[in-house]
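Here's the letter readout for the chains.
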Amino acid sequence: MSPKQSYWSRVKNWASTLPYLGKAFGAIKTAGAELLRLPPPRAPDDVANTKQYEEHKSKSYMDLKMAFRDIGRMNAIVETLGRDFLTAMPEGAYVSRLGQIAFLFRRMHEELANENIANLINEAQDHQKKDPGNWEVWDKANLREMETMYRHVSHVPPDLMERKARLAYEGRRKHRDVLKCDDWDEARPFLEDMVDLQRRIADAKILKDNDHATDAPYQALLREYVPGARLTEVDALFDRLETKLKEILPWVLDEQAKRPEPQPLIGPFPAAQQMWLNKSLLKVMGFDFTRGGLYETGHNPVEGGTPDDTRLVIKTSDAGNFLDSMKSALHEGGHGIYIQGLPRETWRYQPVGQDLGAAMQESQALLIEMILGRTKEFYRYLAPRVEGLFQKFGDPAMTADNIYRLKTRVKPTLDRKSADEVTYFFHIRHRMRLERDMIAGRLKVKDLPEAWNAGMKELLGIEPTTHAQGCLQDVHWFVGKFGYFPAYTLGHMIAAQIHDKMKREIQNIPELMASGDFMPIQQWLAAKVYSQGRLFRTDDLLMEVTGSKLTPGPLINHLQDRYLEAA
Ligand SMILES: [Zn+2]
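Calculation criteria
- Residues numbered from 1 in each chain as written.
- Predicted model: local features only at pLDDT ≥ 70, side-chain atom pairs only at ≥ 80, totals over all residues.
- Heavy atoms only, no water.
- Helix = DSSP H or I, 4+ residues; strand = E, 2+ residues; numbered from the N terminus.
- Contact = heavy atoms within 4.5 Å.
- Areas by Shrake-Rupley, 256 points an atom, 1.4 Å probe, with all protein chains shown as cover.
- Expected span 1.5 Å × (residues − 1).
- Donors = N, O, S within 2.8 Å, 3.2 Å for Na, K, Ca; no water.
- Axes fitted to C-alpha atoms, helices over the stretch in contact; angles between N-to-C directions.
- Parallel < 35°, antiparallel > 145°, perpendicular 65-115°, else oblique.
- Nonpolar A, V, L, I, M, F, W, Y, C, P; charged D, E, K, R; others polar.
- Salt bridge = Lys/Arg side-chain N within 4 Å of Asp/Glu carboxyl O.
- Core = buried A, V, L, I, M, F, W, Y, C linked by side-chain atoms within 4.5 Å.
- Buried < 20%, exposed > 50% of the residue type's maximum accessible area, 1.4 Å probe, protein only.
- Domains from an automatic or database assignment.
- Polar contact = N/O pair within 3.5 Å; in protein donor to acceptor, adjacent residues only side chain to side chain.

### With respect to the overall build of the protein chain
Working step 1: When helices and strands are counted, the protein chain shows 24 helices and two strands.
Working step 2: Sequence separation of 24 or more characterises 74% of the internal contacts of the protein chain that already satisfy a separation of 6 or more.
Working step 3: In the form shown here, the protein chain has an accessible surface area of approximately 25300 Å², with 54% of it arising from carbon and sulfur atoms.

### Details of helix H18 (residues 424-440)
Working step 1: With 17 residues, H18 should reach 24 Å at 1.5 Å per residue; the first-to-last C-alpha distance of 25 Å fits that figure.
Working step 2: Of the residues flanking the end of H18, it is Gly-441, one or two places downstream, whose phi is positive at about 85 degrees.

### Examining the coordination of the zinc ion
Working step 1: Here the zinc ion is held by the protein donor atoms His-331 (NE2), His-335 (NE2), Glu-362 (OE) and Glu-362 (OE), which lie 2.0 to 2.4 Å from it.
Working step 2: Along the chain, the residues donating to the zinc ion are arranged with the sequence spacing H-x3-H-x26-E. Placement of both His-331 and His-335 in helix H13 (residues 322-340) is noted, with a separation of four residues, approximately one turn of the helix.

### Focus: the packing of helix H11 (residues 231-257) against helix H24 (residues 553-563)
Working step 1: Between H11 and H24, whose axes approach to 10 Å, the crossing angle comes to 5 degrees. One element, H11, and the other, H24, form an angle in the roughly parallel class. Across the interface between the two elements, Leu-241, Lys-244, Leu-245, Ile-248, Val-252 and Glu-255 from H11 touch Leu-555, Ile-556, Leu-559, Gln-560 and Tyr-563 from H24.
Working step 2: Of the residues belonging to the contact of H11 with H24, the class tally is eight nonpolar, one polar and two charged.

### Brief notes about the pattern of salt bridges
Working step 1: Considering all chains together, one arrives at 52 salt bridges under this definition.
Working step 2: Arg-69 is the partner of Asp-70 in a salt bridge, and the nearest nitrogen-oxygen pair spans 3.0 Å.

### Quick look at the nonpolar core
Working step 1: Membership of the largest hydrophobic core comes to 164 residues, with the highest contact counts inside it found for Phe-322, Met-326 and Ile-521.
Working step 2: Per-domain counts for this core show at least three residues from each of domain 1 (50-212) and domain 2 (231-563).
Working step 3: Discounting residues that sit within four places of it in the chain, Phe-322 has contacts with Leu-265, Phe-269, Gln-274, Leu-277, Leu-382, Val-386, Phe-390, Met-398 and Ile-403.

### Re the side chain of Arg-374
Working step 1: Structurally, Arg-374 is set in the loop between helix H15 (358-372) and helix H16 (376-389).
Working step 2: Using a relative accessible area of 3% as the deciding quantity, one classes Arg-374 as buried.
Working step 3: Within the structure, the side chain of Arg-374 is placed 3.0 Å from the side chain of Glu-369, a separation counted as a polar contact.
Working step 4: Here Arg-374 is in contact with Lys-327, Glu-369, Tyr-379, Tyr-404, Lys-407, Thr-408, Ala-419, Asp-420, Glu-421 and Arg-562, once residues within four sequence places are set aside.

Here it is, written out as structure tokens:
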């Protein structure tokens, strides 16, 4: 073959490939457009995370899923930084860490509260209307929750969110210090800043609802913790509970006076052994230590984290009383098994895969800590074990009956965290009134100590002599959680209502508790509550699980059964 022939045959060969080249160029062009069309990279964390990555006919919804996944990832990073802040961070990193957390909060807010998200939500909602057959219940709920999250913060400026995050972490440390030194003068300006910020955030939140009743800002804050809550409904539930509790409290105290006082615990109870006990109890409850942990710090207890990394923080043990750190571990453990039981394998980071907010969270914590964790049967399981662990053989304070009486002793206290189950509500009502007045501008921070003491006298008949025993005791206001307190009592009511149903479906709960076999209870809760994420809203889930909307009846019955039984 001559070079000339070879040249022409090569040209001929090349020409014959043109149609294929044309096709290939076309394919590259389409793929390029496809790549440009995709918003964030879709690299999955976990290929088995089926629902999060499952393609959907609505492109806008698909884009929303990826946007919320990235918001969820940022939130998980903040959670991890926050846990580290409390447990392991060296002192010198304090200032830079505040900056990192505040920055990420701002970024998260910007990713959520923008026009693009609003448009995508509108488009996905249109798609759902036109093509309902392509929307499964979980996808519908996911879109609904995306909209709720967006609406809740869409009018809040990013600067306020950044400041909120910074103050929340500064506040945790500030609270630890002012509490130690009983220092109201140091606390006051910080709380003034915090109330001012909260009022500005609340005002931004209610712009949308066009609702300017006096307590609308407080209701807007409350909704961060109890989504969709109406203040008038919460007030009505609390009024009913208060009337009933005021009626039964004197009877409870009368009954109690007929019985001998419980023996006080005599320590020491070494911290390492308390921690061993607490971790063992969490394992019994079904807490998975391969995806979480329990830590002791000088800070107030903190629940939270993510289903993949659920690190619970409790306050350093008191050597004189192992029951306090155990109570914290059971409480945070209740939060922890709820978080770990969320549908992470299908809906990780998606709004529908998250918990139902503070009221449902507290219900799961209080169900373990207060309702199941204060039964005679549980102490029958516990007593021989702690008697051996702490080497207190034959100590009359360590019997199941004595521990039960210690833990069910009703006595008005100055301190919320050590309050008994009957008077606990009054602490909540007290705080709710004060924070509502501060947000409405009816109560100035400078007048808080006086208002605090007056309210304690009115509701519980006792008055603190120090600020640390009074208005400085809780961390909530220091970390900006205005509107959180009602979640405890709503949670207590939810817990009692769920427990009522659980008793009917699992008939041997007392025997299970006495033998330390918590698995059937954990599995029941996982199926009914944890794994449901936000498929239902709180009211609907309660209806689904218990057949009734929230009512104080089951809590009142529970308290009467436990505290008014014959001696
Ligand atoms: Zn809690």
